[in-house]
Amino acid sequence: MTAFTYREGALHAEDVALARIAAEVGTPVYVYATSAMEAQYDALVGALAGLDALVCYAVKANSNLAVIRTFARRGAGADVVSEGELRRALAAGVPASKIIFSGIGKTEAEMEFALRAGIGQFNVESEPEMIALSRIATRLGLVATVALRINPDVDAGSHAKITTGRKENKFGIDLAHAADVFRRGAALPGLAVRGLAVHIGSQLLDVAPFRAAFDVVGTLARALRNGGHPIDRLDFGGGIGITYRDEPLPDLALYAAIAREAADGLGCRLVFEPGRFLVGNAGVLLTRVLYVKDGVSQRFVIVDAAMNDLIRPTLYDAYHGIDPVLAPAPGAPLDPVDVVGPVCETGDLFAAQHVLPPVAAGALLVIRSAGAYGAVMASEYNSRPLVPEVLVKGGHYAVVRPRPTYESMLGLDRMPDWLGP
Ligand SMILES: *Cc1c(COP(=O)(O)O)cnc(C)c1O
């Protein structure tokens, strides 16, 4: 199912013409389709039916409050990696008890805020972090429920910058030390060390690495149980991939079966932390062609979106489909072009030698699969105001983050007194 379809020759998001959004909100702009997010969430929850499972949306993939609330309304919890994300999850209406705090570098202030908010689980990634959490919880007279994040030394087989479960990566506690760290944590005041967690990377298309990682967690959980430790939760992380070009998707039923097998007989609650899977294909970056420029050896289509709005192509060499908003005439020639943004960097390139029908200045294009790790990674580089976001539901749309004005952008800076007013 896709929420972005051509109707009478014009690309729509659900029932809203993208040309209408471009005219009314301007470009570049991210457009998200509620139905696509809900369909992905329901598909995963459906596959996990029969398991005691909680899906905690990984907020870092797309942290717009309206996006988080869309999932919260369907029963999702949230996986957060900073106080800012935690505040977003709470503001969006996620119950604190369903919030998990992940990440290797939680500050004391962040831990204190999360403890006071009463979040459901801290995923702890090192012994020093565990000791700090114990100290802060004890000082506050509170108890932190903890899962230890294990580094299972499994290669997720995805891009090096989004692989997190190998022993040389900075994440998690090595398997060799995990049981000892768990035992020492169980003896610390202010902590209820109750579970194990794993997250081996992002954009996984094959279930084999999941199987390897979940099995490591299940085996360790059994050993700790046998040692008398109360383990009541296993957190299997996120990482389920999506189709950007033509990649076959991991089979959700198989994914769920692997989780069930790994946790078999433990009676644990299972936690999943999908991000990209829930939002990636629910969003497009809508952009307008500024110029078509014929270079010596190729044609450049220069658009008004840039790497500061969507950095994935240059950061991860990521592929994103690009299509015209107006359906091409039947039989229109298809020619390779470089789709580039205006930023003064050679890396400001959305696609090299991408096949497109003829487009002219003023035409609208969509850069697809941009719902995850798009707007959240946007910057103001080249002093381009942060890209706005629109959420569509049926025949309605709402601007869920407006485009900042130039005044508000410049107004963030301050002049030191020695430079005058
Ligand atoms: C990034 C991250 C996720 C989400 O990853 P996706 O690939 O977007 O599903 C989940 N858990 C943790 C700990 C993460 O760092």
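Before reading further, recall that the structure is shown in the block above.
A brief report on the enclosed structure follows. (Residues numbered from 1 in each chain as written. Predicted model: local features only at pLDDT ≥ 70, side-chain atom pairs only at ≥ 80, totals over all residues. Heavy atoms only, no water.)

On to the packing of helix α3 (residues 65-72) against helix α4 (residues 83-92), then. Running from N to C, α3 and α4 cross one another at 60°; their axes reach a closest spacing of 8 Å. When the interaxial angle is binned, α3 and α4 end up oblique. In the packing of α3 onto α4, the handedness of the crossing is right-handed. Together, L65, I68, R69 and A72 of α3 and R88, A89, A91 and A92 of α4 make up the contact between the two elements. In terms of residue class, the contact of α3 with α4 is built from 6 nonpolar, no polar and 2 charged. (Axes fitted to C-alpha atoms, helices over the stretch in contact; angles between N-to-C directions. Helix = DSSP H or I, 4+ residues; strand = E, 2+ residues; numbered from the N terminus. Parallel < 35°, antiparallel > 145°, perpendicular 65-115°, else oblique. Left-handed = near helix turned anticlockwise from the far one by under 90°. Contact = heavy atoms within 4.5 Å. Nonpolar A, V, L, I, M, F, W, Y, C, P; charged D, E, K, R; others polar.)

So, on to the pattern of salt bridges. Scanning the model with the defined rule gives 19 salt bridges in all. With a shortest N-O distance of 2.8 Å, R74 and D42 are connected by a salt bridge. Here R74 is found in the loop between α3 and β6 (77-80), whereas its partner D42 is found in helix α2 (residues 34-47), with 32 residues between them in sequence. Note that D294 is salt-bridged to R299, the shortest N-O span being 2.6 Å. Accessibility expressed as a relative area gives 52% for D294, which makes it exposed. (Salt bridge = Lys/Arg side-chain N within 4 Å of Asp/Glu carboxyl O. Buried < 20%, exposed > 50% of the residue type's maximum accessible area, 1.4 Å probe, protein only.)

Our focus in this paragraph is the side chain of H354. Tracing the backbone through its elements, the reader meets H354 in strand β18 (residues 349-356). Since its relative accessible area comes to 9%, H354 is described here as buried. At 3.3 Å, the side chain of H354 forms a polar contact with the backbone nitrogen of I322. The contact partners of H354, leaving out residues within four places of it in the chain, are Y319, H320, G321, I322, D335, P336 and V337. (Polar contact = N/O pair within 3.5 Å; in protein donor to acceptor, adjacent residues only side chain to side chain.)

Close to the ligand lie 14 residues, the nearest being K60, S202, E273, R276 and Y373. One of the side-chain nitrogen or oxygen atoms of E273 is found 2.6 Å away from a nitrogen atom of the ligand. Backbone polar atom of G275 to an oxygen atom of the ligand: 2.9 Å apart, as the coordinates give it. Taken by itself the ligand offers 390 Å² of open surface, and the protein chains cover 93% of this. Tallied by class, the residues present in the shell around the ligand amount to 3 nonpolar, 6 polar and 5 charged. (Near = heavy atom within 4 Å. Areas by Shrake-Rupley, 256 points an atom, 1.4 Å probe, with all protein chains shown as cover.)

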